Amino acid sequence: MEKSKVLVVGGTGYIGRRMVKASLAQGHPTFVLQRPEIGMDIDKLQMLLSFKAKGATLVEGSVADHKSLVEAVRKVDVVICTMSGVHFRSHNLLLQVKLVEAIKEAGNIKRFLPSEFGMDPSRMGDALEPGRVSFDEKMIVRKAIEEAKIPHTCVSANCFAGYFVPNLSQMAALTPPKEKVCLYGDGNVKAVFVDEDDVATYAIKTIDDPRTLNKTVYIRPPENILSQRQIVEMWEKLTGKTLDKSSISKKDFLASMKGMDYASQVGVGHFYHIYYEGCLTNFKIEEGGEEATKLYPEVNYKRMDEYLKLYV
């Protein structure tokens, strides 16, 4: 079967650049939107040129220019949006509505993957303020997709390993703590951690798969369903060093939000849902959902002990 042509919007971002790489690796003619908004950001420009050197096609277009967006969309079969939805980087989720409008007008897209790739926003209706804004905005985009009758797949990739695993899920750092680690409650609530390259590999596999049409695909690698305590123990085994452990109660953790900046408050809310409520593992995948590792058992996903070895 001929491989679908793929357009990645947000291709220079944290997940976007991996999506471009995975699309090329799986043999798809791959297009990357080159937005004039990059201005003087030479790192982004050079990344785009590196994609071109590897076989991708750069397409000029802007979410601020509807006509250019429609023209870009008409060149391909599939659109994947990876615009950032985290507040400590950039937060552009609602710009996707402009993309939905262009896809609707173009009328040729057989699959759209919106920028989700985290928790399933349809399950986060009771999320705390201010962190719920991420889920609310993703649901606004979903509603626009459904109203426009655009064929789509939503990917729930749970926790990106880079942000949650090497730091042993400590909020203020990305690298492992040297002496002490704070556990959320008893540290035994299970979450799901996924290597970022694997997120892209699974996402690209969904685009020509009729089993994933108009569904949510959850990436739940069985060996990466782990508690915070298990990740700490993995690290201790790798390093041969025992960390001093403390614990923070649900009440004290939520109280810590007071006086924090907005982005940090959003983070506290999300960590609360993951590590106290178990929002990533407290439900079964039912009709309307699929699980990626069952659909694509040929993918040899990265285990978290392997991921941690980079940091030893």
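This text gives an overview of the structure that appears in the document. All values reported here derive from a predicted model rather than from experimental measurement. (Residues numbered from 1 in each chain as written. Predicted model: local features only at pLDDT ≥ 70, side-chain atom pairs only at ≥ 80, totals over all residues. Heavy atoms only, no water.)

### Describing the overall build of the chain
Alright, step 1. Across its full length, the chain holds 12 helices and 13 strands.
Alright, step 2. In terms of overall dimensions, the chain has a C-alpha envelope of 55 × 45 × 35 Å along the principal axes.
Alright, step 3. Counting all 312 residues of the chain, 52% fall into the buried class.
Alright, step 4. A separation of at least 24 residues holds for 80% of the contacts in the chain among residues at least 6 apart in sequence.
Alright, step 5. The averaged location of the 40 negative side-chain charges in the chain is 2 Å from the averaged location of its 42 positive side-chain charges. (Helix = DSSP H or I, 4+ residues; strand = E, 2+ residues; numbered from the N terminus. Buried < 20%, exposed > 50% of the residue type's maximum accessible area, 1.4 Å probe, protein only. Contact = heavy atoms within 4.5 Å. Lys, Arg positive; Asp, Glu negative; His and termini not counted. Charge placed at Lys NZ, Arg CZ, Asp CG, Glu CD.)

### Some details on the side chain of Gln-26
Alright, step 1. You can see Gln-26 is positioned in the loop between helix 1 (16-25) and strand 2 (30-34).
Alright, step 2. Sequence-distant contacts of Gln-26, defined by excluding residues within four places in its chain, comprise Lys-3, Thr-201, Ile-204 and Lys-205.

### Examining the pattern of salt bridges
Alright, step 1. Inspection of the entire model under this criterion finds 14 salt bridges.
Alright, step 2. Across the pair Glu-298 and Lys-205 runs a salt bridge, and its minimum N-O distance is 3.0 Å. Residue Glu-298 is located in the loop between helix 11 (292-295) and helix 12 (304-309), and its partner Lys-205 is located in helix 7 (residues 196-206); the two are separated by 93 residues in the primary sequence.
Alright, step 3. Taking the shortest distance from any N to any O, the salt bridge between Arg-303 and Glu-223 comes out at 3.2 Å. Here Arg-303 is found in the loop between helix 11 and helix 12, whereas its partner Glu-223 is found in the loop between strand 10 (215-218) and strand 11 (225-227), with 80 residues between them in sequence.
Alright, step 4. For Glu-223, a relative accessible area of 47% translates into the label partly exposed. (Salt bridge = Lys/Arg side-chain N within 4 Å of Asp/Glu carboxyl O.)

### What to know about empty space enclosed by the protein
A water-sized probe, rolled over the atoms, reveals where empty space remains.
Alright, step 1. Inspection of the entire model under this criterion finds 1 cavity of 30 Å³ or more.
Alright, step 2. In terms of lining, the largest cavity is formed by Met-119, Asp-120, Arg-123, Met-124, Ser-156, Asn-158, Cys-279, Leu-280 and Phe-283.
Alright, step 3. Class assignment for the residues of the lining of the largest cavity results in 5 nonpolar, 2 polar and 2 charged. (1 Å grid on protein atoms, 1.4 Å probe; cavity = no way out; pocket = protein on both sides within 12 Å on 5 of 7 lines; lining within 4 Å. Points joined across faces, edges and corners; volume = space filled by probe spheres on them. Nonpolar A, V, L, I, M, F, W, Y, C, P; charged D, E, K, R; others polar.)

### Description of the pairing of strand 2
Alright, step 1. Within strand 2, 4 of the 5 residues are buried, leaving the element largely enclosed by the surrounding structure.
Alright, step 2. Where strand 1 (residues 6-9) lies against strand 2, 3 bridges are found, and the strand directions are parallel. When the sheet's bridge partners are listed, Val-8 is paired in strand 2 with Val-32.
Alright, step 3. The parallel pair strand 1 and strand 2, bridged by helix 1, forms a crossover whose chirality is right-handed.
Alright, step 4. Pairing of strand 2 with strand 3 (residues 57-60) involves 4 bridges; the strand directions are parallel. Bridging from a neighbouring strand, Phe-31 pairs with Thr-57 of strand 3.
Alright, step 5. Taken together, strand 2, helix 2 (residues 42-53) and strand 3 form a β-α-β motif whose crossover is right-handed. (Pairing = 2+ DSSP bridges. Right-handed = clockwise from strand over helix to strand, strands pointing away.)

### Some details on the sheet that holds strand 10
Alright, step 1. In space, the 3 strands of this open sheet follow the order 6-10-13, with parallel pairing throughout. A single partner strand is all that each edge strand has here, and the edge strands are strand 6 (153-156) and strand 13 (289-291). For this sheet, the mean inter-axis angle between neighbouring strands, taken without regard to orientation, is 25°.
Alright, step 2. Taken together, the 4 bridges between strand 6 and strand 10 define a ladder with parallel strand orientation. By the bridge assignment, Thr-153 is partnered in strand 10 with Lys-215. (Axes fitted to C-alpha atoms, helices over the stretch in contact; angles between N-to-C directions.)

### Structural notes on helix 1
Alright, step 1. Gly-16, Arg-18, Met-19, Val-20, Ala-22 and Ser-23 are the residues of helix 1 that are buried.
Alright, step 2. Two residues or fewer past helix 1, Gly-27 is found with a positive phi of approximately 85°.

### Describing the packing of aromatic side chains
Alright, step 1. Scanning the model with the defined rule gives 12 aromatic pairs in all.
Alright, step 2. Relative to Phe-160, the ring of Tyr-14 has its centre 6.1 Å away and its plane inclined at 55°; by these criteria the two rings are tilted. A residue pair is termed long-range when its members are at least 10 positions apart, and Tyr-14 in the loop between strand 1 and helix 1 and Phe-160 in strand 7 (residues 159-160) qualify at 146 residues.
Alright, step 3. On the basis of relative accessible area, Tyr-14 is assigned to the buried category, the value being 18%.
Alright, step 4. Given a relative accessible area of 16%, Phe-160 falls into the buried group.
Alright, step 5. Pairing Phe-271 with Tyr-275 gives two aromatic rings, centres 5.5 Å apart and planes at 50°, and the pair type is tilted. Taken as a pair, Phe-271 and Tyr-275 lie in helix 10 (residues 262-275) at a separation of 4 residues, close to a single helical turn.
Alright, step 6. Note on Tyr-275: relative accessible area 2%, which makes it buried. (Phe/Tyr/Trp six-rings, centres within 6.5 Å; stacked < 30°, edge-to-face > 60°.)

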